[in-house]
Amino acid sequence: MEAPSPLPRTRVTAHVRSLRFDAGGLALNLVATLGRRGGAPVERMGTVALLREWCAGAGLRPAREAVGEALLAELTALREAAYDIVLAHLRGSVPALPSVALVNECAHTAPPAPRLELGEEGVRAEEQALSGRQVLSLVARDLIEVMGSPERRAALRECAFEACGMVYLDTTPGRRRRWCSMRRCGNTAKAAKHRDRDRDRHRAPGPGRVPDAVAGPGRVPDAVPDAVPGPVPDADSGARATAPE
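Trainee: Honestly, the overall build of the protein in this entry has me stumped. Any pointers?
Mentor: Regarding its fold elements, the protein presents eight helices and six strands. Reading the helices (α) and strands (β) of the protein from amino to carboxyl end gives α-α-β-β-α-α-α-β-β-α-α-β-β-α. Per-residue burial over the protein gives 33% buried out of 245 residues. The contacts in the protein between residues at least 6 apart in sequence include a share of 57% that link residues at least 24 apart. Within the structure as shown, the protein displays about 15,500 Å² of accessible surface, and the carbon and sulfur contribution to it stands at 54%.

Trainee: I would appreciate a short explanation of the pairing of strand 4 (residues 122–125) in the present structure.
Mentor: One face of the sheet, then the other: side chains in a regular strand alternate in exactly this way. Relative to strand 4, strand 3 (residues 116–119) runs antiparallel, the two being bridged by four bridges. Across the sheet, glutamate 117 pairs through a bridge with arginine 124, a residue of strand 4. Linking two consecutive strands that pair antiparallel, namely strand 3 and strand 4, is a turn of two residues.

Trainee: Looking at this model, I keep getting lost on the packing of aromatic side chains. Mind explaining?
Mentor: Aromatic rings considered in pairs are described by the distance between their centres and by the relative angle of their planes. Across all of its chains, the model carries zero aromatic pairs by this definition. When the ring centre of tyrosine 83 is taken as origin, the NZ or CZ atom of arginine 37, which lies over that ring, is 3.9 Å away.

Trainee: Sorry if this is basic, but what is going on with the nonpolar core here?
Mentor: Note on soluble globular proteins: their nonpolar side chains tend to be buried together. Counting residues in hydrophobic clusters, the biggest one holds 48 residues, and the most contacted among them are Leu51, Trp54, Leu75, Val139 and Cys159. Those elements that place two or more of their residues in this core are helix 2 (26–31), helix 3 (48–57), helix 4 (69–91), helix 5 (97–107), helix 6 (132–148) and strand 6 (167–169). Among the elements that take part in this core, helix 4 stands out by supplying ten residues, more than any other. When sequence neighbours within four positions are dropped, the list of residues in contact with tryptophan 54 reads Leu19, Phe21, Leu26, Asn29, Leu30, Thr33, Met45, Leu60, Leu75 and Val139.

Trainee: Before we go on, may I ask you to explain unusual backbone geometry in this structure?
Mentor: The backbone phi angle of arginine 36 is positive, close to 50 degrees, even though this residue is not glycine. Secondary-structure assignment places arginine 36 in the loop between strand 1 (34–35) and strand 2 (42–43). The phi torsion at arginine 175 lies on the positive side, around 50 degrees, for a residue other than glycine. As for its position among the elements, arginine 175 is in the loop between strand 6 and helix 8 (182–203). When its relative accessible area of 30% is taken as the criterion, arginine 175 is described as partly exposed.

Trainee: Which parts of the structure should I look at to understand the side chain of glutamine 134?
Mentor: Inspection of the secondary structure puts glutamine 134 in helix 6. Under the relative-accessibility criterion, glutamine 134 is labelled buried at 17%. Ignoring sequence-local partners within four residues, the contact set of glutamine 134 consists of Thr109, Ala110, Pro111, Pro112 and Ala129.

Trainee: Teacher, can you tell me more about the confidence of the model for the protein here?
Mentor: Where the model shows low pLDDT, its predicted coordinates should not be examined in detail. With 73% of its residues at a pLDDT of at least 70, the protein reaches an overall mean of 83. Note that residues 1–5 has pLDDT below 50 and, in this model, two contacts with residues that lie over four places away or in other chains. Throughout residues 212–216 the model reports pLDDT below 50, and contacts reaching past four residues in sequence, or to other chains, amount to five contacts.

Trainee: What exactly am I supposed to notice about the packing of helix 4 against helix 6 here?
Mentor: Between two packed helices, both the angle of their axes relative to each other and the distance between the axes serve to describe the pair. Across the interface, helix 4 lies against helix 6 with an axial gap of 10 Å and an inter-helix angle of 5 degrees. Viewed along their axes, helix 4 and helix 6 adopt a mutual orientation that is roughly parallel. Residues Leu71, Glu74, Leu75, Leu78, Ala82, Ile85, Val86 and His89 of helix 4 form the contact with helix 6, whose participating residues are Gly132, Arg133, Val135, Leu136, Val139, Ala140, Leu143 and Met147. Residue classes in the contact of helix 4 with helix 6 are distributed as twelve nonpolar, two polar and two charged.

Trainee: What am I meant to see in a nonpolar patch on the surface here?
Mentor: Nonpolar side chains collect at one region of the surface, where Leu116, Leu118 and Val123 lie side by side and expose about 360 Å² of accessible area between them. With respect to the helices and strands, leucine 116 occurs in strand 3.

About the criteria used
- Residues numbered from 1 in each chain as written.
- Predicted model: local features only at pLDDT ≥ 70, side-chain atom pairs only at ≥ 80, totals over all residues.
- Heavy atoms only, no water.
- Helix = DSSP H or I, 4+ residues; strand = E, 2+ residues; numbered from the N terminus.
- Buried < 20%, exposed > 50% of the residue type's maximum accessible area, 1.4 Å probe, protein only.
- Contact = heavy atoms within 4.5 Å.
- Areas by Shrake-Rupley, 256 points an atom, 1.4 Å probe, with all protein chains shown as cover.
- Pairing = 2+ DSSP bridges.
- Phe/Tyr/Trp six-rings, centres within 6.5 Å; stacked < 30°, edge-to-face > 60°.
- Lys NZ or Arg CZ within 6 Å of the ring centre and 35° of its normal.
- Core = buried A, V, L, I, M, F, W, Y, C linked by side-chain atoms within 4.5 Å.
- pLDDT = per-residue confidence, 0-100.
- Axes fitted to C-alpha atoms, helices over the stretch in contact; angles between N-to-C directions.
- Parallel < 35°, antiparallel > 145°, perpendicular 65-115°, else oblique.
- Nonpolar A, V, L, I, M, F, W, Y, C, P; charged D, E, K, R; others polar.
- Patch = residues over 30% accessible without salt bridge, like charges linked within 9 Å, V, L, I, M, F, W, Y side chains within 5 Å.
- Salt bridge = Lys/Arg side-chain N within 4 Å of Asp/Glu carboxyl O.

See the structure below:
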């Protein structure tokens, strides 16, 4: 039985390491900060500077003093708990109890209440700095909203490119989206499939060629197309017949 083809090797470029905000929600965007889950994982939020960049891209405004190693570690733990819960739903299994407990614990902290501010230019929404616990709460509550909504839960998908494994919400008509991004994984997967077809075509036996599985070393196949007739050594001579080259 032929071994399955290995996953295509992908270079870890700046493009692969870049943060993504196209998963369809705050919690899923956090899950996407670890890329290539199906192959060699790529950490996209491994430093405090990248954490600050992710918060800005996700529309979160934590207080300056809240952004540090402690929040980075807590968000990383919440990220993996969220992934465990979503993946369990997609696979029809049950998530780990600690994952559910962590999400509930993070959601317990109340996020800041929205406020209006009256200024010279009229009324506008006040931008409040978030504590670390409030950042965690907003992410956890977003995940709970996804899992608690039948419509959003039914839209959860996992990228069909095995090396990726990104989870996202499919909001396209008919929900037939297979890739996290056609520009990223869709084109990569199609190119890999094309290479596999070319490789299989070159491996296919041609006229006069004996498949390796049929004619091993020192073995005469039952039927050899286009074989050149020649003398067959006598059985008592000790010589072994070989397949024609």
